[in-house]
Amino acid sequence: MIDTGTETVLARVVNGVGVITFNRPHRRNALHSEMYVAIPPLLERFAADDDIGAVVITGSGSAFCAGGDVRDGGSAREVTAADPEAEILQRSAILADNARMVTLLHEIPKITIAALPGAAVGAGMSIALAADLRIAARSAKLVPGWSKLAFSGDFGGAWFLTQLLGPSRALELLIADRPIDAETGLALGLFNRVVGDEELAEAALAWAAEIAAGPTAAFAGTKANVRDAQRLPLEQAVLAESERMVRSALTAEHRAAVKAWLDTAAKKAQARR
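Residues numbered from 1 in each chain as written. Predicted model: local features only at pLDDT ≥ 70, side-chain atom pairs only at ≥ 80, totals over all residues. Heavy atoms only, no water.

If you check an unreviewed UniProt entry, the chain appears there as Enoyl-CoA hydratase from Mycolicibacter nonchromogenicus. UniProt annotates the chain under Sequence similarities (unreviewed entry) with the comment "Belongs to the enoyl-CoA hydratase/isomerase family." (UniProt positions renumbered as here; feature names shortened; annotations may be inferred.)

Shown next, in the form of structure tokens:
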């Protein structure tokens, strides 16, 4: 277990996997100010630790994350400053800083997995979509949630949905604001895997541990290649991809992988004789 400085976030390391858990089950893991402080340093710590090969983010109880906690003042007050625009910009900067966890989930070199035991709503949906991969319990669902409260959206929700589904489908889902159940999410490609509710915790850790046991430096390069594919023209992407390929060829994990491959090939050849 890792001391996170708050009871609202739990963290531990299991089989080379860094696990972060939202821990407000009585509020369906709605976001709390202490989470904004605790989670980014954990992600940075896991990113820098060579003994950690993958990261899982999940929620305790029966929900992933219910988004911003409107009951605790998550809804914005009226602007009362003498300079309204300045106050709006100040609040916007604070909200963007609170959302730093989604940037880190998306950009750290380790493969990140969101494990959804239940609903991910609003900013909670954004956090799930920010991870590289998603595994969901059958009872899980994604709920945009913003339009019901006359919000436009936060934590990168529209950006991640657009990247995953394209602009037209993303806009349709955001405006309709209907829950996306696990099977629909799987069909849309928003979930990579769906398992029984009771299987989720074990399945998520097993998947992450399998990734963590692999060539994690190479996976970091692969993650960067996929990210470049979404933002760079082909010529520039191939150039960056080529540099990563050359660098990966110089690593100890590449040499070990080649040796293991050659040893296996030699054993197969010997068996055929």
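Enquirer: Summarise the overall build of the chain; cite the residues concerned and give the values.
Expert: Counting its regular elements, the chain contains 11 helices and 9 strands. Taken against the 2.2 N^0.38 rule, which gives 19 Å for 273 residues, the C-alpha radius of gyration of the chain at 21 Å falls within 12% of a compact globule. Overall, the C-alpha framework of the chain stretches about 80 × 45 × 35 Å when taken along its three principal axes. Each of the 273 residues in the chain was classed as buried or not, and the buried ones make up 41%. Of all intrachain contacts in the chain linking residues separated by at least 6 positions in sequence, the fraction that spans at least 24 positions is 69%. Roughly 14900 Å² of accessible area belongs to the chain as shown, and the carbon and sulfur atoms make up 56% of that amount. (Helix = DSSP H or I, 4+ residues; strand = E, 2+ residues; numbered from the N terminus. Rg over C-alpha atoms; globule rule 2.2 N^0.38 Å. Buried < 20%, exposed > 50% of the residue type's maximum accessible area, 1.4 Å probe, protein only. Contact = heavy atoms within 4.5 Å. Areas by Shrake-Rupley, 256 points an atom, 1.4 Å probe, with all protein chains shown as cover.)

Enquirer: Talk me through the packing of aromatic side chains; I want residue IDs and the actual numbers.
Expert: In this description, a pair of aromatic rings is defined by centroid distance and the angle of the planes. Counted by the stated rule, this structure contains 3 aromatic pairs. A centroid spacing of 6.2 Å and a plane angle of 45 degrees characterise the contact between tyrosine 36 and phenylalanine 155, whose relative ring orientation is tilted. You can see tyrosine 36 sitting in helix H1 (residues 33-48) and its partner phenylalanine 155 sitting in the loop between strand E7 (141-143) and helix H5 (157-165), a full 119 residues away along the chain. According to the relative accessible area criterion, phenylalanine 155 is buried, its value standing at 5%. Taking the centre distance of 5.2 Å and the plane angle of 90 degrees together, the rings of tryptophan 159 and phenylalanine 160 count as edge-to-face. (Phe/Tyr/Trp six-rings, centres within 6.5 Å; stacked < 30°, edge-to-face > 60°.)

Enquirer: Could you give an account of the domain arrangement of the chain, with specific residues and numbers?
Expert: Partitioning the chain into structural domains gives domain 1 (9-213) and domain 2 (216-271). Computed over C-alpha atoms only, the centres of domain 1 and domain 2 are separated by 29 Å. Contact with domain 1, which involves 13 residues of that partner, is made by 6 residues of domain 2. For the pair domain 1 and domain 2, the two sides together bury roughly 720 Å², of which 54% comes from carbon and sulfur. Ranking the residues of domain 1 by area buried against domain 2 places His106, Pro109 and Gln163 at the top, with a combined share of 45%. At 3 residues, the largest contribution of residues to the side of domain 1 that touches domain 2 is made by helix H3 (residues 100-107). (Domains from an automatic or database assignment. Buried area = accessible area lost by both parts, 1.4 Å probe.)

Enquirer: Which residues make up the sheet that holds strand E5 (residues 119-121), and what values do they have?
Expert: In a beta sheet, neighbouring strands pair by backbone hydrogen bonds and run either parallel or antiparallel. Spatially, 3 strands are ordered E5-E7-E8 in an open sheet, and the strand pairing comes out mixed. On the outer flanks of this sheet lie E5 and strand E8 (180-181), each paired with one strand and no other. With 2 bridges joining them, E7 and E8 adopt antiparallel strand pairing. Within the sheet, the bridge partner assigned to leucine 142 lies in E8 and is isoleucine 180. (Pairing = 2+ DSSP bridges.)

Enquirer: An account of the pairing of strand E6 (residues 133-137) is requested, with residue identities and associated values reported.
Expert: Two faces, one strand: in a regular strand the side chains alternate between the faces of the sheet. The buried count for E6 comes to 5 of 5 residues, which makes it a mostly enclosed element. Burial of the side chains of E6 extends over both faces: Leu133, Ile135 and Ala137 are buried on one face and Arg134 and Ala136 on the other. In the sheet, strand E4 (residues 111-116) pairs with E6 via 4 bridges, with the strands oriented parallel. From the neighbouring strand, leucine 116 faces E6, where its bridge partner is alanine 136. Both E6 and strand E9 (residues 193-195) contribute to a ladder of 3 bridges, which runs parallel. Along E9, the bridge assignment pairs isoleucine 135 with arginine 193.

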